[in-house]
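Chains, contacts and geometry: an overview
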Amino acid sequence: MKTRYFFQILIDYGLLSTLFLFPLFINISLIAPADPGHPLIAVNVSLADMMTGIIFLLWILKVLINNEWKQIKLPPAPVLFFTGAGILSFVNAFSLVQWLKELVQMIEYFLVFYVLLINNFHTIKFTTLKNSLLALTTGMLLVAFVQHTFLKADPYFVKGLFENRNILGTFLCMMVPLVYVELLSCNHNLKKVWMGTLLLITCLVLVSGSAMLSILISLFTVSWLYGKKVFFRFLGTALFIVAIYPLIMPSKNIHSLKEFASIYEKGSIRENFYRRLALLGDLNKNMLVSRNIGNNGLLITSDRFTSVKMPEISEGERYKDMEGTTQIKNRYLEMQASLNMIAQKPLTGAGLGNYQDGIGSCYAELPKVNTAEPNQHNGYLIIASTTGILGLSGLLWLFFLMFGNARKRNRSNRDDKYIYLGLMGSILACMVENFFCYLFTAGLLVPFIFMIYLSSNEQ
């Protein structure tokens with residue numbers, strides 16, 4: 001009995017630790033400095049990936065020792081359907097290697113990690129999970145605050161521990177509605193001050209226009225559902241903030257909002273193109289840890305803690321003939337190209353992980369004039385173009401199931417029912433944000449799967 005409890009403690013707190021480790025990646029490369037022509041063999045692994053593998057082995061061992069096979073819970077139908085659509089998408093895959101790589105990630109999180117969540121947490125209370133999410137949000141906002149205020153980073157690099165501002169914004173879509181509802185429902189003054197401070201910091205460091213729009217829609221809806229009194233207070237506060245925002249916010253915040261609001265490229269086409277190439281290059285140049293082990297050994301790096309200014313870069317000759325013309329942003333051109341890609345293979349798509357391999361030819365005669373900012377993609381169109389209508393149906397089914405589960409629990413007489421109102425807001429914000437920034441990046445799957453679990457939690 002003691003051994004069983006010990007295993008359960010290890011598993012439960014191991015799963016909880018993934019919440020705090022998931023943004024951290026290590027790049028592991030096998031190198032041969034003595035042979036310049038030797039190919040670089042590299043794997044980008046998150047600490048959450050490694051923790052999940054270890055915990056899964058512990059859980060299997062626990063199940064074997066205690067003969068618990070009949071007690072195993074399986075994921076709900078939408079999760080299985082969505083994963084099945086991903087498997088079926090191999091039929092038309094441009095690259096089976098890319099399909100397999102993406103499928104492994106999907107299975108790891110939507111099946112393995114989710115199965116671990118729904119079959120464990122026997123020694124951890126639901127409120128502990130909630131408070132862990134609030135603590136995680138606090139840490140991420142503090143890092144972003146330092147980047148924004150003291151390091152004076154370019155907006156692209158106000159990112160917390162993520163790769164860029166867009167992933168940070170998507171993460172905040174998941175967390176800010178929970179913070180807002182906690183502010184409304186908690187009875188402790190110090191906690192109210194804590195939650196209020198987090199919301200204020202969010203207003204400062206959020207330089208992703210799509211995330212701001214998604215969060216506003218979410219909080220508007222949550223306030224209405226909470227009660228008319230709260231709704232009118234929120235409406236008045238929101239109108240006041242909108243009125244004074246241009247006067248008190250730093251120029252980088254205002255610039256980001258204007259940039260999102262326009263469907264056209266602003267400034268020099270050539271300058272934008274080369275600045276974004278510099279951005280893509282710099283995402284992999286800033287390392288916190290760099291260790292060489294042996295002469296031809298292991299190189300381990302991580303770049304999540306750094307924050308840099310956008311480098312100055314000379315303009316080249318590409319797109320010189322387009323100077324002075326007005327061009328639609330690549331974000332919207334890519335949406336058109338994605339629709340073309342869906343039309344080619346509508347049922348099963350072009351294969352998981354094959355979006356970049358196939359999207360180029362789908363622009364056809366569209367005037368693609370720029371390199372898109374990282375992670376600015378319509379997630380619904382990516383899912384539909386790679387896994388077909390089947391995959392998109394599975395995703396929408398999953399979203400509506402999550403929202404419905406959270407709504408049902410919020411309407412109950414549970415003491416923690418307001419947590420589920422926050423989860424409804426988080427799900428809604430993610431659904432809106434997925435129109436502008438791809439939700440299922442490797443760095444966001446841990447909190448997203450936690451959201452699926454919490455929305456259907458029976459504790």
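Relevant structure appears above.
All of the points below concern the structure found in this document. (Residues numbered from 1 in each chain as written. Predicted model: local features only at pLDDT ≥ 70, side-chain atom pairs only at ≥ 80, totals over all residues. Heavy atoms only, no water.)

Here's the deal with the overall build of the protein chain
- A count of helices and strands for the protein chain gives 16 helices and four strands.
- Burial analysis of the protein chain (459 residues in total) assigns 53% to the buried set.
- Nonlocal contacts in the protein chain, meaning residues at least 24 apart in sequence, comprise 79% of its contacts between residues at least 6 apart.
- If you sum the accessible surface of the protein chain, you get close to 21,400 Å²; carbon and sulfur atoms cover 65% of it. (Helix = DSSP H or I, 4+ residues; strand = E, 2+ residues; numbered from the N terminus. Buried < 20%, exposed > 50% of the residue type's maximum accessible area, 1.4 Å probe, protein only. Contact = heavy atoms within 4.5 Å. Areas by Shrake-Rupley, 256 points an atom, 1.4 Å probe, with all protein chains shown as cover.)

A few points about unusual backbone geometry
- Its identity is not glycine, yet N67 carries a phi of approximately 50°, on the positive side.
- Along the chain, the position of N67 falls in the loop between helix 2 (47–66) and helix 3 (77–88).
- A relative accessible area of 60% means that N67 is categorised as exposed.
- With a phi close to 60°, F121 is a non-glycine residue in the positive phi region.
- Among the structural elements, F121 can be located in the loop between helix 4 (96–118) and helix 5 (126–149).

Some words on the packing of helix 6 (residues 165–185) against helix 16 (residues 445–455)
- Interaxial distance between helix 6 and helix 16 falls to 10 Å at its minimum, and their mutual angle equals 30°. Taken together, the axis directions place helix 6 and helix 16 in an arrangement best described as roughly parallel. The crossing of helix 6 and helix 16 is left-handed. Listed contacts from helix 16 to F171, M174 and M175 of helix 6 are P447, F448 and M451. (Axes fitted to C-alpha atoms, helices over the stretch in contact; angles between N-to-C directions. Parallel < 35°, antiparallel > 145°, perpendicular 65-115°, else oblique. Left-handed = near helix turned anticlockwise from the far one by under 90°.)

Regarding helix 8 (residues 209–226)
- Compared with the 26 Å implied by 1.5 Å per residue over 18 residues, the 26 Å span of helix 8 between its first and last C-alpha is a close match.
- Within the span of helix 8, buried status applies to G209, S210, A211, M212, S214, I215, S218, L219, V222 and S223.
- In this structure, the buried residues of helix 8 make contact with helix 6, helix 9 (228–248), helix 10 (251–261) and helix 15 (417–433).
- Positive phi shows up at G227, right after helix 8, with a value of about 155°. (Expected span 1.5 Å × (residues − 1).)

Here's the deal with the pattern of salt bridges
- Per the counting criterion, the structure on display carries four salt bridges.
- For E68, the salt bridge goes to K62, with nearest N and O atoms at 2.9 Å.
- Relative accessible area serves as the criterion here: at 4%, K62 is assigned to the buried category.
- In this structure, E182 and K191 form a salt bridge, with 3.0 Å as the shortest nitrogen-oxygen distance. Each member of the pair, E182 together with K191, is buried.
- Through salt bridges that share partners, K130, E182 and K191 make up one connected network. (Salt bridge = Lys/Arg side-chain N within 4 Å of Asp/Glu carboxyl O.)

Comments concerning a nonpolar patch on the surface
- On the surface, a nonpolar cluster with roughly 360 Å² of combined accessible area is contributed by L88, F90, V91 and L96.
- Within the secondary structure layout, L88 lies in helix 3. (Patch = residues over 30% accessible without salt bridge, like charges linked within 9 Å, V, L, I, M, F, W, Y side chains within 5 Å.)

Notes on the nonpolar core
- In terms of nonpolar packing, the biggest core is built from 115 residues, with F110, F171, F440, F448 and I449 touching the most fellow members.
- Looking at this core element by element, the count peaks at twelve residues for helix 6.
- Filtering out sequence-adjacent residues up to four positions away, F448 remains in contact with F110, M174, L398, F399, M402, L439 and F440. (Core = buried A, V, L, I, M, F, W, Y, C linked by side-chain atoms within 4.5 Å.)

Some details on the environment of V45
- Along the chain, V45 turns up in strand 2 (residues 41–46).
- For V45, a relative accessible area of 16% gives the class buried.
- Counting along the chain gives 20 residues from V45 to F25, while the straight-line C-alpha distance between them is 5.5 Å.

Details of helix 2
- For helix 2, built from 20 residues, the straight-helix expectation of 28 Å at 1.5 Å per residue is met to within 8% by its first-to-last C-alpha distance of 29 Å.
- Within helix 2, the full set of buried residues consists of A48, T52, I55, W59, K62 and V63. Angularly, the buried residues of helix 2 cover 95° about the axis, an arc narrow enough to put them on a single face. For helix 2, exposure combined with an orientation more than 90 degrees from the buried face picks out L57 and I65.
- Two residues or fewer after helix 2 comes N67, characterised by a positive phi angle close to 50°. (Arc of directions from axis to C-beta.)

Topic: the environment of Q336
- Tracing the backbone shows Q336 in helix 12 (residues 330–344).
- Taking relative accessible area as the criterion, Q336 reaches 38% and is therefore assigned partly exposed.
- Between the alpha carbons of Q336 and Y363 there is a distance of 7.5 Å; along the sequence they are 27 residues apart.

Some thoughts on the packing of aromatic side chains
- In total, this model carries 27 aromatic pairs according to the counting rule given.
- Aromatic pair F121 and F450: ring centres 6.1 Å apart, planes at 45°, arrangement tilted. Here F121, found in the loop between helix 4 and helix 5, pairs with F450, found in helix 16; they are 329 residues apart in sequence, far enough to count as distant.
- What makes F450 buried here is its relative accessible area of 1%.
- Three or more aromatic residues link up through ring pairs in this structure, and these residues are F82, F110, Y380, F399, F435, Y438, F440 and F448.
- Here the guanidinium or amino end of K417 rests over the ring plane of Y418, the centre of that ring lying 5.5 Å away. (Phe/Tyr/Trp six-rings, centres within 6.5 Å; stacked < 30°, edge-to-face > 60°. Lys NZ or Arg CZ within 6 Å of the ring centre and 35° of its normal.)

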